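# Residue-level structure breakdown
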Amino acid sequence: MTDAPSARPFLADLFRTAVEAALPTQVLKAHLPARPRGRTIVIGAGKGAAQLAQAFESLWDGPLEGVVVTRTGYAVPCERLRVLEASHPVPDAAGMAATDAILAALEGLTADDLVVSLICGGGSALLAAPPEGFALEDEQALNEALLASGAPISVMNRVRRRFSRVKGGRLALAAHPARVVSLVVSDIPGDVLHDVASGPTLPDPAPDSEAAIRDLIQTAGIRLPVRLLSYIGLPQAAPPAADDPRFAGHEAVLLASADTSLRAAAERARAQGVAPFILSDALEGESRTVGALVGAMARRLAGDPAPFGKPMVLLSGGETTVTLQGQGSGGPNTEFLLALAAQIQGVEGIAALSADTDGIDGNRDNAGAYADATTIDRLRRAGLDWQAVLADNDAWTAFDELGDLFVPGPTGTNINDFRAVLIG
């Protein structure tokens, strides 16, 4: 059987391997743009933006200036680039100030200048810039409604692009007539680059019509304040069209993604005698539903000779979501694991790790947690009902009580969730 405690170093090693494959120091060098005749301005946003900036300036042979914004506590020192911090996942005044600083860095540019845009997950909240006539409180209300809805990230970002002065390619237009090169670390299932951080320097090639965005909001169950809903449905809220001539000559490069990282983790597992199977790099859906499905799959494979051999590990990426119904603390990864644990309870030989590759799951300091065949029984002995915990969206409390939280700290990148289920 798989001994759960001894399985944890193996699972954590796979997580580290996945993260390392997406670190800026690993992925930037091959994608540096040519030096311009004029100035080089670096801008950026996301949970790994500071690490991207640090790596970029260490590799860049020439003058450099600019500013990036990252989540509070995620900054690393840079010599020539300013690194600012702001709140995530709900925007704050620091994010407004940081966005203004980025816009100021783009003023007065010429066609001889180059703007390098370093974009990764988390940038949507960090780039706080509500439309004219609206305040920070309005953007905070928008984000809170989106997060509570449990809508897929792609849906959230379609809404965000219609309520911003910088998203949906608008930041690139602020740099006109300079050329813009966007270097993107994707946390979006399917690696749709204009969805990462809501595409501040990349236009949406097929933006929603006013009727379509209203239908989308209603279908997704996003409960927006009437004032915001009214504005988002107006023609002037639409992001700029992709065929706008001011986007001509711009370039976008995918630096890293869940697919790259899962392949690296699979090779690491194989080298240790464990057969890997990548379920998907783009799993989406309600966390507890996906967790139960993967758990049922693992339970079936644990009692079967299995076509992949044993031991084996099921790997997956993507981003599951949580529809908030309770008052507890938790995140998509811990909810996923609690539902998975219910499916594998008592089935010897299964251990799992699910964690966000940026180091944070939900609103706590853990990236995720571990689960195994004993999780539900240990919760019961601790006086916790796993179903009640899930109903209150309080999976963090459950795994904290068991001492099973996974807390690697900020990682320097963000290619979304990483899940590994080891079947011995």
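Criteria and cut-off values
- For every chain, the first residue of its written sequence is number 1, and the numbers climb from 1 along that sequence.
- Owing to the predicted nature of the model, reporting of local features is limited to residues with pLDDT of at least 70; listing and counting of side-chain atom pairs is limited to 80 or more, with chain, interface and lining totals taken over all residues.
- Hydrogen atoms and water are omitted, and side-chain values are computed over all heavy atoms in the structure.
- UniProt positions are given in the numbering used here, feature names are shortened, and annotations may be inferred rather than shown by experiment.
- In DSSP terms, a helix is any run of H or I states spanning at least four residues, a strand is any run of E spanning at least two, and both are numbered starting from the N terminus.
- Domain extents, as shown, originate in an automatic or database domain assignment.
- Residue contacts are counted whenever heavy atoms from the two residues lie within 4.5 Å of one another.
- A 1.4 Å probe defines the accessible area here, and the buried area is the portion of it lost by two parts on being joined, summed over both.
- Using a 1.4 Å probe on the protein chains alone, a residue whose accessible area is under 20% of its type maximum counts as buried, one over 50% counts as exposed, and one in between counts as partly exposed.
- Note on pairing: two strands pair once DSSP finds at least 2 bridges between them.
- With its strands directed away from the observer, a crossover is right-handed exactly when the path from the first strand over the helix to the second travels clockwise.
- Only C-alpha atoms enter the line fits that serve as axes; for helices the fit covers just the stretch in contact. Angles between N-to-C directions range over 0 to 180 degrees.
- Buried Ala, Val, Leu, Ile, Met, Phe, Trp, Tyr and Cys residues that are joined via side-chain atoms within 4.5 Å together make up what is termed a nonpolar core.

- The name given to the protein chain in an unreviewed UniProt entry is DUF4147 domain-containing protein, with the source organism recorded as Roseospira navarrensis.

## Topic: the UniProt feature "domain: MOFRL" (unreviewed entry) in the protein chain
- Here the UniProt feature "domain: MOFRL" (unreviewed entry) sits at residues 313-417.
- The span residues 313-417 is 32% helical and 23% strand by assignment, and the distance between its end C-alpha atoms comes to 16 Å.

## Looking at the domain arrangement of the protein chain
- For the protein chain, the assigned domains are domain 1 (7-18 + 259-423) and domain 2 (31-242).
- Relative placement of domain 1 and domain 2: their C-alpha centres are 30 Å apart.
- Taken together, the contact pairs 17 residues of domain 1 with 21 residues of domain 2.
- Taken together, both faces of the contact between domain 1 and domain 2 bury some 1,500 Å²; the carbon and sulfur share is 51%.

## Some points on the pairing of strand S1 (residues 40-45)
- Burial analysis of S1 places 6 of its 6 residues in the buried class, which makes it a mostly covered element.
- Covered by surrounding structure in S1 are Thr40, Val42 and Gly44 together with Ile41, Ile43 and Ala45, the residues of both alternating faces.
- Here S1 pairs with strand S4 (residues 114-119) via 6 bridges, running parallel. Looking at the pairing, Ala45 lines up with Ile119 of S4.
- Looking at chain direction, S1 and strand S2 (residues 65-71) are connected through 5 bridges and run parallel. Counterpart to Ile43 in the pairing with S2 is Val67.
- Tracing the backbone out of S1, into helix H3 (residues 49-59) and back to the parallel element S2 gives a crossover that is right-handed.

## Points about the sheet that holds strand S3 (residues 82-86)
- Pairing is parallel across the open sheet formed by 6 strands, whose spatial order is S3-S2-S1-S4-S5-S6. In this open sheet, the two edge strands, each paired with only one partner strand, are S3 and strand S6 (251-256). The average angle at which neighbouring strand axes cross in this sheet is 20 degrees, direction not considered.
- Contacts between helix H4 (residues 93-105) and the sheet are confined to S1, S2 and S3, with S3 contributing the most and set at about 150 degrees to the helix.

## So, the nonpolar core
- One finds Leu337, Leu338, Leu340, Phe399, Val421 and Ile423 to be the most contacted residues of the largest nonpolar core, which totals 32 residues.
- When residues of this core are assigned to their parent elements, the largest contribution, 8 residues, is made by helix H13 (residues 332-344).
- Counting residues in each nonpolar core, the second largest holds 26 residues, with Met156, Ala197, Ile217 and Ala237 among its members.

## Regarding unusual backbone geometry
- Of note, the amide linkage connecting His88 to Pro89 takes the cis form, showing an omega dihedral of 15 degrees.
- Its place among the elements puts Pro89 in the loop between S3 and H4.
- The residue after His176, namely Pro177, is reached through a cis peptide bond having omega 10 degrees.
- Along the chain, Pro177 falls in the loop between helix H8 (170-174) and strand S5 (179-185).
- The phi angle at Ser198 is positive, at roughly 65 degrees, despite the residue not being glycine.
- Looking at the element boundaries, Ser198 is found in the loop between S5 and helix H9 (210-219).
- With a phi angle near 75 degrees, Asn416 is a residue other than glycine that sits in the positive phi range.

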